[in-house]
Number of protein chains: 2
Amino acid sequence: MPTPAPDLVSDLASITFASPGQRLDRAYARRPEMAQLATLPETRTVALSEGRIAVALDADKRLCRWHRSRLAGLDPIETVFLGLEDESPLLATDLGPLTEEQAQALLGEHVKFIDLRSISPELSALDAEIAATARALLGWHARHRFCSVCGAPSGIEDGGWRRRCPACGATHFPRVDPVVIMLVTREDHVLIGRQKGWPPGLHSLLAGYIEPGETPEDAVRREVMEEAGVPIGRVDYLASQPWPFPSTLMIGYRAEALDWPLLVDPVELEGAEWVSRAEMARVLAGDHERLASPRRDAIARSMLAAWVTGEVAGF
Amino acid sequence: MPTPAPDLVSDLASITFASPGQRLDRAYARRPEMAQLATLPETRTVALSEGRIAVALDADKRLCRWHRSRLAGLDPIETVFLGLEDESPLLATDLGPLTEEQAQALLGEHVKFIDLRSISPELSALDAEIAATARALLGWHARHRFCSVCGAPSGIEDGGWRRRCPACGATHFPRVDPVVIMLVTREDHVLIGRQKGWPPGLHSLLAGYIEPGETPEDAVRREVMEEAGVPIGRVDYLASQPWPFPSTLMIGYRAEALDWPLLVDPVELEGAEWVSRAEMARVLAGDHERLASPRRDAIARSMLAAWVTGEVAGF
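What you see is a predicted model; the values in this text were computed from it and never measured.

1. What about the overall build of chain A?
From N to C terminus, chain A includes seven helices and 16 strands. Here chain A has a C-alpha radius of gyration of 22 Å; the compact-globule value for 315 residues is 20 Å, and the two agree. Principal-axis analysis of the C-alpha atoms gives chain A an extent of 60 × 50 × 35 Å. Taken across its 315 residues, chain A has 57% of its residues classed as buried. In chain A, of all internal contacts separated by at least 6 residues, the share reaching a separation of at least 24 is 66%.

Okay, structure coming up:
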């Protein structure tokens, strides 16, 4: 049985949020400069409004980097320091809700605030990382303006990478919630399922949050048993992907199913089924009469595609 | 070059919090019964006080499972549902600070509240998982009694696996903070470092929190560059370990160093150095004049031991 590629993230180029290419220089030592940088008209920033990000919709889709001076007259909710780009600081600004007039003044003909999920497959690796980091970090601030220890309003520190409570002194750091996602296989078949409310036909790999006190490997076994009633043997790591909705880290494993029968938990899943490799190839090609594939930028699709092509072996 | 074992967690038995053996049945569907179970005198619970856990210090070190009736007259801060053990519910109770009289009445001659770090290597795999889950979950409640969205007091739900704010309706889930820890090697040498305030001589593998918007592999490269100035090539997954201080998930990778020179960040590290395999064998054996090894129950030590013995190859 072939061994999976050692750093699969670099090989599964279709994982937009973790694809090979230029990385953001996070320049953590520069984070304390954020407050001052935000006052300089020439400092560049990406901009979000209600979770959507400003994108130039030219042939090359590209995140807008606006000078802070362009935001004059607006009242941003939060600003954070993302890092350096071409050695210049890059911020992310949450503009909050905008009136139609404000949005029109800000946006050009080919510039729009876009849901990251609908644009990320078309962004460069660097822009996808910048957008994911900005969305996850600003989304964390939006839900953490008060101290969870004592209830007092907390304040931003370290360029947005920490909050501190002036009342009790507690510090708070951005959340990243680890999730396991698993390619469960048995004799040339893969286990897929669907949740209620998903688009028609959509099926994907099973996934679930890692709980306190357990390893990812144990979480794989627990989740597959809870959701589908399938006992799992070996579990191997494949690849990971940050997924900023709101701020998860998808950690991908392949897992050996020890038996066929499915016992689906109707609370967790609307359904689950075994699909052959040939059938899954048709699903990924958009050529299946009943089943639809995960999004192009989801690690689930990359894992399925790697298994269909044989890049990753099943069990 | 040999490939690392596919599910190394099962092979590195010295990782207490992730060692092979019986697992806790988390029985998530039973979690809503917690409030009622806590009122029954015969319901069993593990007990914590100020982060320490009650352990019977007999020849076999074992977490105490007390009947709730034993806690009569005390005023527990929080109770959570851990799962089923021999098909019976098991809770975890945070007793908060106890007076000397209260502690004496509760504890026997061989029973003490112990810091988990000083006892975990001697616990069974199941007890270590129970203790880690209890400590991480109760510690999360202690720091999250108020809603981070609006500042109002929040309440416990789902047996302690969720909090809800009655004022704004927001739900909050326990944190698990993913951390990368890396076996950085080059030509039969491994990179170790030490932080300020560590016990004398102690050196360990470099580690750091994964940030929003990045993969673990990118976090490995970023942290090694930030802390030691060493460029990294390939990065492969090895194994993971939950570490409930307060609630992290250590995700272990091996990483290929592309160069020797070290440029240590004095804010992050007190020092870092390359150590040969033969020298590291002496460190792990407690037989080195200057360097001391990580704790027996830390994944860092398991990763170093696996490299020293050749179970895991370096680069």
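2. Observations regarding the interface of chain B and chain A
If you look at the interface, chain B gives 57 residues, while chain A gives 56 residues. Interface area for chain B against chain A, summed over the two sides, is near 4,600 Å², with a carbon-plus-sulfur share of 53%. At the junction of chain B with chain A, the criterion picks out eight salt bridges. Among the ionic pairs, A:R23 bridges to B:D218, the shortest N-O distance being 2.3 Å.

3. Details of helix α7 (residues 299–309) of chain B
Residue and element names in this part refer to chain B. Counting buried residues in α7 gives eight out of eleven residues, a clear majority hidden from the surface. Taken together, the buried positions of α7 are I299, A300, S302, M303, L304, A306, W307 and V308. In this structure, the buried side of α7 is in contact with β11 (177–186), β12 (189–194), β14 (232–243), β15 (248–257), β16 (271–276) and α6 (277–284). Phi turns positive one or two residues past the end of α7, at G310, with a value near 90°.

4. Brief notes about the confidence of the model for chain A
Residue and element names in this part refer to chain A. Overall, the predicted model of chain A reaches an average pLDDT of 92, with 94% of residues at or above 70. In this model residues 1–14 is a low-confidence stretch, pLDDT under 50, and it forms 35 contacts with partners more than four residues away in sequence or in other chains. What the predictor reports for the complex is a pTM of 0.94 with an ipTM of 0.94.

5. Remarks on the sheet that holds strand β8 (residues 155–157) of chain B
With antiparallel pairing, three strands are arranged side by side in an open sheet as β8-β9-β10 (chain B). With one partner strand each, in any of the chains shown, β8 and β10 (171–172) of chain B form the two edges of the open sheet.

6. Focus: the pairing of strand β1 (residues 44–49) of chain A
Residue and element names in this part refer to chain A. Counting buried residues along β1, five of its six residues qualify, which places the element largely inside the surrounding structure. Inspection of the sheet shows β1 paired to strand β4 (residues 66–67) by two bridges, in the antiparallel sense. Directly across from T45, in β4, lies its bridge partner W66. Direction of pairing for β1 relative to strand β6 (residues 88–94): parallel, over a ladder of five bridges. Looking at the pairing, V46 lines up with A92 of β6. Bridge count for β1 against strand β2 (residues 52–57) is two bridges, and the pairing is antiparallel. When the sheet's bridge partners are listed, L48 is paired in β2 with I53.

About the cut-offs
Position numbers for residues count from 1 along each chain, tracking the sequence in the order it is written. By the order in which they are written, chains take letters starting at A while ligands take numbers starting at 1. Local features in a predicted model are, by the rule used here, given only for residues with pLDDT of at least 70; side-chain atom pairs are given and counted only at 80 or more, and totals for whole chains, interfaces and linings are based on all residues. Only hydrogens and water are removed before side-chain values are computed, so all heavy atoms of the structure are retained for them. Under the DSSP-based scheme used, a helix requires at least four consecutive residues in state H or I and a strand at least two consecutive residues in state E, with every element numbered from the N terminus. Only C-alpha atoms enter the radius of gyration, while the globule expectation follows 2.2 Å times N to the 0.38, with N the number of residues. Only protein chains enter the accessibility calculation, which uses a 1.4 Å probe; a residue whose area is less than 20% of its type maximum is buried, one above 50% is exposed, and one in between is partly exposed. Contacts were defined at the residue level, with two residues in contact if any of their heavy atoms lie within 4.5 Å. The term buried area refers to how much accessible surface (probe radius 1.4 Å) is lost by two components on association, counted for both of them together. We count a salt bridge whenever a side-chain nitrogen from Lys or Arg sits within 4 Å of a carboxyl oxygen from Asp or Glu. The quantity called pLDDT is the predictor's confidence in a given residue, expressed from 0 to 100. The pairing criterion for strands is at least two bridges between them, as found by DSSP.

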